[in-house]
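Working through the structure, step by step
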Amino acid sequence: MKKLSLLMLVAIMTLTQAFAQSKAPSNVKAAFSKKFPTAKKASWDKENETEWEVEFKMNGRDYSANFLNDGTWKETEYAIKKREIPRAVKRTLNTQFKGYDIEESEVSETAKGKVYEFALEKGDSDLEVAIAPNGTVVKKEVKKDNEDKDSENDNENDNENDNEN
């Protein structure tokens, strides 16, 4: 019985995915085909009410791209290896984020240009950082998991202080 339930769940998920793929508007699919003519194995999902995300393969890499409902391209992302990080970006990582390990690295391209995005970790500290090709940090934020931990620690400290009074 469990096997049957699992098979039914897999079948429903497969049909749902196929339905979502067929529901991507033709103008969005056409815009994708025009921007990425050599893309293969495109898989569509509705990102939100105004946006579609497509995951695909191209030039031996996994990509994701987002398009608005009207077909406007919004963003493309793909993972890169450490050896592919430009020298100026590496310099910034080595100086401003010394001691952090790179957990993930990817390129994000938008109409405004390209940035290199990193998930960095050092002990209990996790950061998300975006660096322009020239080495300028354009975004730096603490990951939410750590903020939750900090909040829990603050609450524990508050409780300890309450007990002292």
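What counts and how
- Residues numbered from 1 in each chain as written.
- Predicted model: local features only at pLDDT ≥ 70, side-chain atom pairs only at ≥ 80, totals over all residues.
- Heavy atoms only, no water.
- Core = buried A, V, L, I, M, F, W, Y, C linked by side-chain atoms within 4.5 Å.
- Buried < 20%, exposed > 50% of the residue type's maximum accessible area, 1.4 Å probe, protein only.
- Helix = DSSP H or I, 4+ residues; strand = E, 2+ residues; numbered from the N terminus.
- Contact = heavy atoms within 4.5 Å.
- Phe/Tyr/Trp six-rings, centres within 6.5 Å; stacked < 30°, edge-to-face > 60°.
- Lys NZ or Arg CZ within 6 Å of the ring centre and 35° of its normal.
- Pairing = 2+ DSSP bridges.
- Axes fitted to C-alpha atoms, helices over the stretch in contact; angles between N-to-C directions.

The biggest cluster of nonpolar side chains holds 26 residues, and the ones touching the most others in it are Trp44, Phe56, Phe67, Leu93 and Phe118. Of all the secondary-structure elements, those providing two or more residues to this core are helix H2 (26-35), strand S2 (51-58), strand S3 (61-68), helix H3 (87-96), strand S6 (113-122) and strand S7 (125-131). It is S2 that provides the largest number of residues to this core, a total of 4 residues. Filtering out sequence-adjacent residues up to four positions away, leucine 93 remains in contact with Ile85, Lys98, Ile102, Phe118, Leu120 and Ile131.

A separate point is the packing of aromatic side chains. Pairs of aromatic rings are described using the distance from one ring centre to the other and the angle between the two planes. Scanning the entire structure with this criterion turns up 9 aromatic pairs. Centre to centre, the rings of tryptophan 44 and phenylalanine 67 are 6.4 Å apart; their planes meet at 50°, and the pair counts as tilted. Taken together, the positions of tryptophan 44 in strand S1 (residues 40-48) and phenylalanine 67 in strand S3 put the pair 23 residues apart, joining distant regions of the chain. Each member of the pair, tryptophan 44 together with phenylalanine 67, is buried. Measuring from centroid to centroid gives 4.9 Å for tyrosine 63 and tyrosine 78, while their planes differ by 45°, and the two rings are tilted. Here tyrosine 78 lies in strand S4 (residues 73-79) and tyrosine 63 lies in strand S3, a separation of 15 residues in the sequence. Across the pair, tyrosine 78 and tyrosine 63 agree in class, each one buried. Within the aromatic cluster, the residues linked to one another by ring pairs are Phe32, Phe36, Trp44, Phe56, Tyr63, Phe67 and Tyr78. In this structure, lysine 35 is placed above the aromatic ring of phenylalanine 36, and the distance from its NZ or CZ to the ring centre is 5.8 Å.

Okay, unusual backbone geometry next. Phi is positive for lysine 41, close to 55°, though the residue is something other than glycine. Position of lysine 41 relative to the elements: it lies in strand S1. With phi around 55°, asparagine 59 is a residue other than glycine that occupies positive phi space. On the accessibility criterion, asparagine 59 (66% relative accessible area) is exposed.

Taken in spatial order, the 8 strands of this open sheet run S1-S2-S3-S4-S5-S6-S7-S8, and their pairing is antiparallel. One side of each edge strand has no neighbouring strand; the edge strands of this open sheet are S1 and strand S8 (137-142). On average, each strand axis in the sheet is inclined to that of its neighbour by 20°, with strand direction left out of account. Examined bridge by bridge, S3 and S4 share 5 bridges and lie antiparallel to one another.

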